[in-house]
Every structure is written in structure tokens, then in C-alpha cells.
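Read off the chains here:
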Amino acid sequence: MKFYEVASYKEMSRKAANIISAEVITNPNAVLGLATGSSPIGTYKQLIEWYNKGDIDFSGVTAVNLDEYYGLSEDNEQSYRYFMNKNFFDHININKARTYVPNGLAKDPVLEGKLYDERIKALGGIDIQLLGIGLDGHIGFNEPNDVFMRDTHLVDLNESTIKANARFFESEDKVPRQAITMGMMSIMRAKKILLIAAGEKKEAVVREAFNGVITPKLPASILQLHPNVTVIFTKESN
Ligand code: GLP
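Residues numbered from 1 in each chain as written. Predicted model: local features only at pLDDT ≥ 70, side-chain atom pairs only at ≥ 80, totals over all residues. Heavy atoms only, no water.

1. Some details on the pairing of strand 10 (residues 229-234)
The cut-off we apply is this: Any residue under 20% of the maximum accessible area for its type is buried, any over 50% is exposed, and the rest in between are partly exposed; the area is computed with a 1.4 Å probe on protein chains only. Labels follow the DSSP assignment, with helices taken as runs of H or I lasting at least four residues and strands as runs of E lasting at least two, numbered in each case from the N terminus. For two strands to be treated as a pair, DSSP must find at least two bridges joining them. Looking down the strands as they point away from you, a crossover is right-handed if its path from the first strand over the helix to the second goes clockwise.
Extensive coverage of strand 10 is indicated by the burial of six of its six residues. On strand 10, burial covers both faces: V229, V231 and F233 on one face and T230, I232 and T234 on the other are all buried. Here five bridges tie strand 1 (residues 2-6) to strand 10, and the two strands are oriented parallel to one another. Within strand 10, the position partnered with F3 by the bridge is V231. As judged from the six bridges shared by strand 9 (residues 192-198) and strand 10, these two strands associate in the parallel manner. Across the sheet, residue I196 finds its bridge partner in strand 10, namely I232. In this view, the connection linking strand 9 to its parallel neighbour strand 10 by way of helix 7 (residues 200-211) has right-handed handedness.

2. Focus: the side chain of T43
Here is the rule we go by: It only takes one pair of heavy atoms within 4.5 Å for two residues to be counted as in contact.
Residue position: T43 is located in helix 2 (residues 41-52). Apart from the residues within four sequence positions on either side, T43 is in contact with S13, A16, A17, I20 and I196.

This is the structure we're talking about:
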């Protein structure tokens, strides 16, 4: 594992964007596993800047997102599909038909999970998976649990996750209580993992995840078993 502690959010974003752009430049048909939240916004901004300069071409890239709130439609401003379009896809030359986010309105979330996993498998797996980390150690929306969930599944969100994500909503009671998230299998099968975390309040969970016991009570700790992980951490929050 490579662990970088950098001085600023900007530096974290630049380094993460560098790693992703290296992937796309060396493999123009890369499958990128992407994430939402405030952590990756700077990374996407940097990639858009390099795209505008003509340094990266996303035309052959496929994107697979980690998760989606259950019950939100694509055009809901708080949905993760909307977030990805607004913060990244609308500004680059990726083929939108090859950008995937779980369907938050799926009537049968079990079937949706199965189809999502089959899709990732059919794409040949994920070349590099970008991850943030929740205050409770979640990745995607894999909340602390008694077991590591293997497949894409519907999950009940923790109180602390609802509180932390309330800042993106009008009020806490508007935050959906459930989400569909990629499970550990697709994440762990990604060829490379790139986890970014910003802010002093994330420091304890990041250190525990990578130096502590591997346990589903701290879902990100499973990444200790992955052979190619890069962590970029900064105490500066964005
Ligand atoms: C959400 C997302 C995660 C993300 C986490 C941290 O819960 N489902 O993928 O890593 O938030 O978000 P932030 O980067 O805003 O701290």
C-alpha cells in the first residue's frame, strides 16, 4: 500500500487526478470506478481542466459508480447520477451511454444489484476504483456490519451517515434512509484502488482502516487485503 499525506485538499486532488489520468492515457478504454461526496470534487475539477487543455481523452472510457440513494430519480439534484453529470460527465467527452450508476428507482433492488454486478463483470471488471471514506469507515455505502457484503445490495444508512450527508440536503429528514451500493466483491476485484480522504475528522478512521484489525465493523479495513492500494490523505478539509 502507498500512503501519502499531503499538505492540502488541492494537492490531494491533483495527485488523485494524476493517477487517474495516467490510467486513461495508458489505457484509453479504461473502466473507471467512480465515487461521489465532497472528497472527489477537486479531483474531477482537475481532470476537467486537463481535458480542456487537450491532455486527456475520455471518449473510450467507461465509468461505473459505487452507489445511489434509494428512492431518488436521476433528475433529483441530490441523486448521485445528477452529481456525476454536474461535477464530471457533462464537462468531458465521455460517452454518457457508458456511464453507469445504480438505478435509485429500481422496483426490485435485488435484481438491480444482480444486473449491476453482471454489468461490471461483462465490462471485464474495474481498472481503477476511486473511493472516499465515511466517518464510520464506510466505502460506497457499505456501512459497518457483522459481515462484509459481497454483492451490490440495498442498505439501510447509519444515523452518522445520514447526519454527515445532511449538508447536501435541505434538512436531515430529506436524506434518504436507504441506498443501493456496490458490494465488496466488485471493489476488491478492481485492479487498483485509490482512496482519498480530507479533513482532521477523517484522520482516525483512515489510520484505523489501514493499520488496525480487518473487520466488517470498519468496512474500509478490507482494503488491507488488496494488492494495489494508494491512499492520499490531507488534514485540510475542502
Ligand atoms: C457518501 C458516499 C461515499 C463517500 C462518503 C464520504 O456516504 N456514499 O462514497 O465516500 O459519502 O463523503 P465525503 O467525501 O463528502 O466526506
